Protein chains: 2
Amino acid sequence: MRLSAYFLPTLKETPAEAQIASHRLMLRAGMIRQSAAGIYSWLPLGLRVLDKVADIVREEQDRAGAQEILMPTIQPAEVWKESGRYDDYGKEMLRIKDRHDREMLYGPTNEELVTVLFRDAVKSYKALPQILYHIQWKFRDEVRPRFGVMRGREFLMKDAYSFDLDPAAARRSYNRMFMAYMRTYARMGLKAIPMKADTGPIGGDLSHEFHVLAETGESEVFVHKDFINMDWSQRDIDYSSDLQPMVDELTGKYAVTDEKRDLEHEKTLGDNLVSARGIEVGHIFYFGTKYSKAMNAVVNSPNGDVTVEMGSYGIGVSRLVGALIEAYHDDAGIKWPEAVAPFRVGLISLKKGDAACDEACEKLYKAFGREVLYDDRDERAGVKFADMDLIGLPWQMVVGPKGVAAGVVELKNRMTGEKSELSFEEALKRFAE
Amino acid sequence: MRLSAYFLPTLKETPAEAQIASHRLMLRAGMIRQSAAGIYSWLPLGLRVLDKVADIVREEQDRAGAQEILMPTIQPAEVWKESGRYDDYGKEMLRIKDRHDREMLYGPTNEELVTVLFRDAVKSYKALPQILYHIQWKFRDEVRPRFGVMRGREFLMKDAYSFDLDPAAARRSYNRMFMAYMRTYARMGLKAIPMKADTGPIGGDLSHEFHVLAETGESEVFVHKDFINMDWSQRDIDYSSDLQPMVDELTGKYAVTDEKRDLEHEKTLGDNLVSARGIEVGHIFYFGTKYSKAMNAVVNSPNGDVTVEMGSYGIGVSRLVGALIEAYHDDAGIKWPEAVAPFRVGLISLKKGDAACDEACEKLYKAFGREVLYDDRDERAGVKFADMDLIGLPWQMVVGPKGVAAGVVELKNRMTGEKSELSFEEALKRFAE
């Protein structure tokens, strides 16, 4: 993409309403604009990141055996009355009446709707296990939306739902999702620590939150030092094997949010206890028959009718974009990990209009294909460097008249700041599509 | 994907509520389920088609120079009051009050919201032309939703918006979208005829609808015979060239919906006039400064401030899935064109449990990757054939014990019904990923 034609309204000034780094940088880098309180439009640069994050989430859900569906945003109130949550849910639920005065709502979560889909489709225990997921916009009418996409009202969420014949099988589904989450975060370059969690309004007796450590995190967390030093590289997971040992290893070490502290236990940890700030990026629940019983989701089996065991598994996809920035930025701007960067490389022409410089840039631009953003504007070098640092592409390739004459270009790594020189031939190959 | 584990609840009976082929077949083939009147959940098979249709729309928008953004589903009422449409829009607009009693709405279209994005971001004529699009769920509260996804309330739409400095430039943007639409439909195997159209509540003085001919079409259309015999293969389009001659060629021939008939002109056509049924699959508008003037979308230029010229361009993405089925089905089920088929090939094992048969199927299944649906169920051949015809994958590969012994498999083309025999080696390569 050529920057001269790209819809990328960067801001020099820091918007007054933005209190945290991700909000500030997403506005300044032209990724999002607020359309109403807690409701955002995603501009081209932001949407590219959102799509890449969603694709990683999707791939890891598929790998773990979950199947993608797409439920609507607007739900009928009836199914929430069946489960008994319609009156309980409170003011965060956006309630709507249609033209025929029927009660509807904008889905804040989908346990009810997916249970209806399941019970109407699946009659036999032979079809189990099933894990269904979708990636869809949700709405929660926060009383005070803030922090940009970190606590918005309309947000993109991946929510999965598992259906099993008995608690042991349900535990296997839970473990699959648990490990899929670990892989998902690791692929994005995030160190997410699983923590014992309250089940809250979803219900159930087994639940974990996943928190990314970042100085600007919203909650205080207390974790065993081993998590800090853990090997966070992606694990290869055989989903047909017993995952319990891996899950036990990851949940055996102390890791809790503020509300779940065990001060007695903490005394025994001594120097191994670390306190830090965390951002919640996922929450998984096993809640047994809470919804299937109320809503009559039953399969037949050799032992007669069985009410299915369920779990639900959420990742805030739009929130992850903010969390990534909280984890990866400096004073100059964002520092995207490669897997989620909007473009892999930024190509900077130091002298637009210089024939040799233009020719070199055009060659590189064509070779790099969809993963290059080419700053072909007629602007000062300083402006170009500042904008490129702000939007945070992992690599910056700088092409100037002197370098072109000498047959070299400069390459900068945004994450480390390291610079190196490449021959033009090496450069052509470096990011070839 | 293995059918034994796939969430594919096909129906033997025709659902009573479904009046047209696409609605009936989408329910029977397990593509969708109704979650509320005019509101559908997309099951795995349906979502695969929806995604492929959306991807083709997206690729052709990108090719024509449009840039993808994503605006939210929920909009503040204020921007609609700015344009003056809030009171006019009527009961099809789903109006909502949030917890602070602020007036919101579920977007039925996005002229207002995108105009705000544009005016806040673009100040100089140098940034023009711009075409922004998004693919997002919309809601129109139809008084009587029906025909499944063809006239739903919550539906997926691609809507693009162009911003130009003067009417001549706006016409060029219009022509780009016009030709992008022709390519989009052609890639899906649809013969879409552009027709002069009323501008309706969007306003403006230049507008075309695109109609696919199908016996079950909702409206009567009258077209010149040349459209029926036209070469509908994809055209290569150079978007940097003048597209007016191509557009003139396509709009020069008579083609109108019922409301726009010119009976005098029709008399001159004689035998060249054909009457048929059409399904609307796209609508494009040039409406000048209708919104930019009311909402003050102005850029500076050497000649002073200029109110930008705008157009909007819609394709019903979820509706296209229904239109495709209306155009491609028979009594046995759907006949997907390859470009939008949920899977390219269905692999049918005639004897599950037969060692040689199982082994052959597993080899083919692995070779074909993501584009194969393998019917590995322990079911009668007749059931498998009927289900495969119903869901309509373009190719069916049938593997039976006799064939395996002779080293051959049978291949059936769903569209033509033609059958042929392939050696196992040829079969392995035929759909290799």
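On a predicted model such as this, the values are computed, not experimentally measured, just so you know.

Draft legend 1. Representation of the domain arrangement of chain A. All names here are of chain A. Domains assigned within chain A are domain 1 (3–333) and domain 2 (343–430). Computed from C-alpha atoms alone, the centre-to-centre distance between domain 1 and domain 2 is 38 Å. Contact with domain 1, which involves 16 residues of that partner, is made by 14 residues of domain 2. Taken together, the two surfaces of domain 1 and domain 2 that pack against each other cover about 1,300 Å², and 63% of this comes from carbon and sulfur. At the surface where domain 1 touches domain 2, the tally comes to three salt bridges. Among the ionic pairs, R48 bridges to E371, the shortest N-O distance being 3.5 Å. Taken together, the links from domain 1 to domain 2 amount to seven residue pairs in polar contact (both at pLDDT 80 or more). Put simply, the parts of the chain that give the side of domain 1 that touches domain 2 at least two residues each are helix 1 (21–28) and helix 2 (44–63). Among the elements that take part in the side of domain 1 that touches domain 2, helix 2 stands out by supplying three residues, more than any other. Taken together, the residues of the side of domain 1 that touches domain 2 sort by class into nine nonpolar, three polar and four charged.

Draft legend 2. The sheet that holds strand 4 (residues 74–76) of chain B, seen in detail. Residue and element names in this part refer to chain B. Strand order across the open sheet formed by three strands is 4-6-5, with antiparallel pairing between neighbours. Single-partner strands in this sheet number two, and they are strand 4 and strand 5 (94–97). Between one strand axis and the next, the sheet turns by 35° as a mean value, whatever way the strands run. In terms of strand pairing, strand 4 meets strand 6 (residues 103–106) through three bridges, oriented antiparallel. Bridge pairing in strand 6 links Q75 to L105.

Draft legend 3. Layout of the relation of the copies chain B and chain A. For the match of chain B to chain A, the screw axis carries a shift of 0.0 Å, the RMSD comes to 0.0 Å, and the turn is 180°. Such a turn and shift between the copies fits a two-fold axis. Looking at the rotation axis and the C-alpha trace of chain B, the residue lying nearest is I96(B), at 2.9 Å. Comparing interface residues between copies, 98% of those in chain B also sit at the interface in chain A, which points to an isologous, same-surface contact.

Draft legend 4. How the structure looks around the nonpolar core. Counting 188 residues, the largest nonpolar core has M31(A), W42(A), W336(A), M31(B), W42(B) and W336(B) as its most contacted members. Discounting chain neighbours no more than four positions away, the residues touching W336(A) are M31(A), V49(A), V321(A), L324(A), I325(A), A341(A), P342(A), I391(A), G392(A), L393(A), P394(A) and M415(A).

Draft legend 5. Expanded view of the packing of helix 5 (residues 167–187) of chain B against helix 7 (residues 244–252) of chain B. Residue and element names in this part refer to chain B. Contact geometry for helix 5 and helix 7: axes closest at 10 Å, N-to-C directions at 60°. Regarding the angle of helix 5 to helix 7, the classification is oblique. Our pair here, helix 5 against helix 7, has a crossing hand that is left-handed. Along its contact with helix 5, which presents R171, N175, F178, M179 and M182, the element helix 7 presents Q244, M246, V247, L250 and T251. Split by residue class, the contact of helix 5 with helix 7 holds six nonpolar, three polar and one charged.

Scoring rules and cut-offs
- Residues numbered from 1 in each chain as written.
- Chains lettered and ligands numbered in written order.
- Predicted model: local features only at pLDDT ≥ 70, side-chain atom pairs only at ≥ 80, totals over all residues.
- Heavy atoms only, no water.
- Domains from an automatic or database assignment.
- Contact = heavy atoms within 4.5 Å.
- Buried area = accessible area lost by both parts, 1.4 Å probe.
- Salt bridge = Lys/Arg side-chain N within 4 Å of Asp/Glu carboxyl O.
- Polar contact = N/O pair within 3.5 Å; in protein donor to acceptor, adjacent residues only side chain to side chain.
- Helix = DSSP H or I, 4+ residues; strand = E, 2+ residues; numbered from the N terminus.
- Nonpolar A, V, L, I, M, F, W, Y, C, P; charged D, E, K, R; others polar.
- Pairing = 2+ DSSP bridges.
- Axes fitted to C-alpha atoms, helices over the stretch in contact; angles between N-to-C directions.
- Least-squares fit on C-alpha atoms with pLDDT ≥ 70 in both.
- Core = buried A, V, L, I, M, F, W, Y, C linked by side-chain atoms within 4.5 Å.
- Buried < 20%, exposed > 50% of the residue type's maximum accessible area, 1.4 Å probe, protein only.
- Parallel < 35°, antiparallel > 145°, perpendicular 65-115°, else oblique.
- Left-handed = near helix turned anticlockwise from the far one by under 90°.

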